[in-house]
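Working through the structure, step by step
Listed here are the chains, written in short residue letters.
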Amino acid sequence: MTINKQWFYTKSSHLILYILGFLLFWEWLRPLEQVTDTTNSFYFVMFSAFCFSLYFLNLQSWLSFLLRIIGLLYILHALFFESSFFSLSWLSDFFEDILVNTHNMFKADWLSMTDMFRSFLFLLLLWVMCYLLHYWLIEAKRVFIFFILTLIYVTVLDTFTPYDASIAIIRIIIVGFFILGCLQFSRIRDNEGIPIRPIWILLLTAMIMLSIGLGFFGPKMGPQWPDPVPFIKSMTTGEFSTSNKIGYGVDDSRLGGSFSDDDTTVFTAEVKKAHYWRVETKDFYTGKGWEISEYIPKIVLDKNNINLDIIENVNNDGIIMAKVLVENIGDHPHIPYPVDLRAMEIPENPELYVEPFIGKLSIENEQILHSYELAYHFPEFSLDALKLANDGDNQFIKEIYTQLPESLPERVEALAFEITKEKNTRYEKVKAIESYFSSQGYKYEKKNVAIPEADQDYVDQFLFETKRGYCDNFSTSMVVLLRSLGIPARWVKGYTQGEYIETLKTGARLYEVKNSNAHSWVEVYFPGIGWVPFEPTRGFRNPYTFSESVIPATVQAEQILQEQEQLSENEILNETEKDQNGKKGNTKTTNSFNKIKVPLKEVNIVLATIFLISVVLYKFRRRLYPYWVLVNYRLRKNKQTPEMSFEVLYKLLRNKGIPLENGETIREYARRVDHSIGSTEMTEFAKMYERILYSNNDKCEEEWKAIMTLWEELIKKILA
């Protein structure tokens, strides 16, 4: 009964410590979505709770490790894959991603790491942190430094970021004091043998509540130092507007200002693959926003054979079907559609129109569609083709889509050249600008977003002063930087893929697209390929595929003709050599990772072999452990001491089920061992061990040989 009671008290105290430790650790994860571009932090919180639960359950090491691996993989699958978790087909893509990103990591190419690999590393970090907290709480019983670091962490975030830590600090104080008090009680119980009494817990709770109450309601001295945040914000010259609701609008002539999310559902879509929904493009940048420079009358489209001339000569997987159900399109009727639309089926078969210059679709009399079906291609862009498409721009496209206002500050163009000075191809320059914002710490934020004053340029203000904003800031800045280099680019409006709801019986995935999913991105013109989408906004990911696949034959032919017109025979040879050298050195990460050939079969065999060996070693660990101890002894035989000799014996005897009991002397223990294994050597060994251990003189060589002879005889009997 006493043993059961002691076990119950121990497990109860551990449970309380684990819960309090998790609550304290949770404070490190709460600000993630506000101060970084991290989303779905719920999964990271649940993984941390899962790790703490496994430590409390105290499962076998191999089982606990396996469960954590499964939990980690499940979270990565939920975040980045669409197939069933149990299909296991996604694991090949996952291992490819790990290999490619590990290669990039060793090259210090941090910007090329994918979101999935970053999440993988973050989950591993959470795993390690949970172990450290387990060690500090249960083994070391010292957590004061972590408590102080947590306080410093949230107070710094409260000061210099939008995160409000007013309540978080109170939570941390309460939880931290409870942990410190409980650990002190635990040390008293272990060191003094005094059981923890309920009155102690009540007094601790009362003291903490009293301290919190006095601190919260008592008089407080005002700030002695000025708040640095308003000063930092005052360094920017923009004024801040009141918040508007986000959603699709038609007037983009004056961008900027804050927005708040509007969760009104615009439409739902049944699709096979997630993609952006295009509405229109705009071409004329004024320095404050976007306008349309030309108006071309609407033309009627053949709904069964649509070609909007957006992209051409691009690989795809054939026709894909989608269904759209409109719920609330808003005050400005528009028809969202995929980038490579090929056909539409509309109830009652009205005429379908397009405004050719901006790509905006509509039906007769600007009516609102309530539902429609789409047939389209999901493009797969060839990286090799994009790297070859550098010259031969259509003159009309070149003139329209490189327009910039004369008032654009020179430092914008200078920045564009600085970003791309080491890049040769158009594609490399575009990617350098696309990744610039993430690498330089620009922040995605919908609140406190500046509006340029009369003498300010919208892009210049964002690039050099505020460095924070939402999709319009990022996409407009990328277009302007590209145009500064003479690369045709345009601004695109529409919606992201929306929020995944469920997978239907047909295999299609149902997405809900809201006003808060309204978005803008960039399309860049590549000769022979068309308008290719790019995503510069932090926290968003380009949904389209870029791979090292074979260049479409039509693109190859066009590139060869262009090179023959512009280069002499010698120049062609030089260009070919440069391309080959460039391809050898180019290991940029793409969505398909086809460049690295991963021998998945061999990798799986190796992993399976390692797993089986680990299982066998764990299964027979008690039998193998004595031999491991002996091998370790022989490796250090020349440095053996009496203490080490006894330690080896003790480990082997404990493994055999004869541990040293609390309060038991060495001689008492030796007699019990001799009785158990049927020998007298252990008693003799103990006497000689004590004589050498407590003697002031150095050990005699003959006496040492005698004790080692006894030691070896004992080892043989223990292993017998």
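Let me sum up the structure you'll find in this document. (Residues numbered from 1 in each chain as written. Predicted model: local features only at pLDDT ≥ 70, side-chain atom pairs only at ≥ 80, totals over all residues. Heavy atoms only, no water.)

Another point: empty space enclosed by the protein. For the structure shown, the criterion picks out 6 cavities of 30 Å³ or more. Each pocket or cavity is described by its volume, and for the largest cavity that value is around 60 Å³. In this structure, the largest cavity is lined by Val326, Ile329, Pro333, His334, Ile335, Gln367, Ile368, Leu369 and Tyr372. Taken together, the residues of the lining of the largest cavity sort by class into 7 nonpolar, 2 polar and no charged. (1 Å grid on protein atoms, 1.4 Å probe; cavity = no way out; pocket = protein on both sides within 12 Å on 5 of 7 lines; lining within 4 Å. Points joined across faces, edges and corners; volume = space filled by probe spheres on them. Nonpolar A, V, L, I, M, F, W, Y, C, P; charged D, E, K, R; others polar.)

Once that is clear, we can look at the side chain of His334. Here His334 is to be found in the loop between strand 9 (315-326) and strand 10 (340-345). Among the polar contacts made by the side chain of His334, one reaches the main-chain carbonyl oxygen of His332 at a distance of 2.6 Å. Ignoring sequence-local partners within four residues, the contact set of His334 consists of Tyr248, Val279, Ile329, Lys360 and Tyr495. (Helix = DSSP H or I, 4+ residues; strand = E, 2+ residues; numbered from the N terminus. Polar contact = N/O pair within 3.5 Å; in protein donor to acceptor, adjacent residues only side chain to side chain. Contact = heavy atoms within 4.5 Å.)

Taking 1.5 Å as the rise per residue, helix 5 (residues 90-106) with 17 residues should run 24 Å; its terminal C-alpha atoms sit 25 Å apart, in good agreement. Elements in contact with the buried residues of helix 5: helix 4 (61-80) and helix 6 (115-140). Immediately downstream of helix 5, the backbone of Ala108 shows phi near 60°, a positive value. (Expected span 1.5 Å × (residues − 1).)

This next bit is on the environment of Glu690. Looking at the element boundaries, Glu690 is found in helix 23 (residues 681-694). Here the alpha-carbon distance between Glu690 and Arg667, two residues 23 residues apart in the chain, equals 9.0 Å. With residues near it in sequence (within four places) discarded, Glu690 still touches Ile666 and Arg667.

A separate point is the pattern of salt bridges. Following the criterion strictly, the structure yields 18 salt bridges and no others. Arg278 is the partner of Glu523 in a salt bridge, and the nearest nitrogen-oxygen pair spans 2.8 Å. Remark: Arg278 occurs in strand 5 (residues 277-282) and Glu523 occurs in strand 20 (residues 518-526); sequence separation between them is 245 residues. Judged by its relative accessible area of 0%, Glu523 falls in the buried class. The buried category is assigned to Arg278, whose relative accessible area is 3%. Here Asp393 makes a salt bridge to Lys398, at a shortest N to O gap of 3.8 Å. Each member of the salt-bridge network shares a partner with another, and the members are Asp252, Glu280, Lys282 and Lys493. (Salt bridge = Lys/Arg side-chain N within 4 Å of Asp/Glu carboxyl O. Buried < 20%, exposed > 50% of the residue type's maximum accessible area, 1.4 Å probe, protein only.)

A word on the pairing of strand 12 (residues 360-363). Every other side chain in a regular strand lies on the same face of the sheet, so the side chains alternate between the two faces. A two-sided burial pattern is seen for strand 12, the buried positions comprising Lys360 and Ser362 on one face and Leu361 and Ile363 on the other. As judged from the 4 bridges shared by strand 11 (residues 352-355) and strand 12, these two strands associate in the antiparallel manner. Pairing of Glu355 across the sheet is with Lys360, part of strand 12. Between the end of strand 11 and the start of strand 12, which pair antiparallel, lie 4 residues, with Gly359 showing a positive phi angle near 75°. (Pairing = 2+ DSSP bridges.)

Secondary-structure assignment places Pro347 in the loop between strand 10 and strand 11. The exposure class assigned to Pro347 is partly exposed, which follows from its relative accessible area of 45%. Discounting chain neighbours no more than four positions away, the residues touching Pro347 are Ser371 and Tyr372.

Neighbouring strands of a sheet are bound in pairs by backbone hydrogen bonds; such pairs are parallel or else antiparallel. With antiparallel pairing, the 4 strands of this open sheet are ordered in space as 5-17-20-21. Only two strands of the sheet have a single partner each, and these edge strands are strand 5 and strand 21 (530-534). Each neighbouring strand pair of the sheet contributes to a mean axis angle of 40°, computed without reference to strand direction. In the packing of helix 14 (residues 426-439) onto the sheet, contacts are made with strand 20 and strand 21, and the angle to strand 20 comes to roughly 160°. Along the sheet face, helix 16 (residues 471-484) touches strand 17 (489-495), strand 20 and strand 21 and points at about 15° away from the line of strand 20. (Axes fitted to C-alpha atoms, helices over the stretch in contact; angles between N-to-C directions.)

A surface patch of nonpolar side chains, about 670 Å² in accessible area, is lined by Phe144, Ile145, Ile148, Leu149, Ile152, Val156 and Phe160. You can see Ile145 is positioned in helix 7 (residues 144-160). (Patch = residues over 30% accessible without salt bridge, like charges linked within 9 Å, V, L, I, M, F, W, Y side chains within 5 Å. Areas by Shrake-Rupley, 256 points an atom, 1.4 Å probe, with all protein chains shown as cover.)

All right, on to the pairing of strand 21 then. Within strand 21, 5 of the 5 residues are buried, which leaves it mostly tucked inside the rest of the structure. Note: strand 20 against strand 21, 5 bridges, orientation antiparallel. In the sheet register, Phe526 faces strand 21, and the bridge partner there is Gly530. Count of turn residues in the strand 20/strand 21 antiparallel hairpin: 3 residues, of which Gly528 carries a positive phi of about 80°.

Between helix 4 and helix 6, whose axes approach to 11 Å, the crossing angle comes to 150°. Regarding the angle of helix 4 to helix 6, the classification is roughly antiparallel. Read as a crossing pair, helix 4 and helix 6 show a hand that is right-handed. Residues Phe65, Arg68, Ile69, Leu72, Ile75, Leu76 and Phe80 of helix 4 pack against Asp115, Met116, Ser119, Phe120, Leu123, Leu124 and Trp127 of helix 6. Of the residues that constitute the contact of helix 4 with helix 6, the class distribution is 11 nonpolar, 1 polar and 2 charged. (Parallel < 35°, antiparallel > 145°, perpendicular 65-115°, else oblique. Left-handed = near helix turned anticlockwise from the far one by under 90°.)

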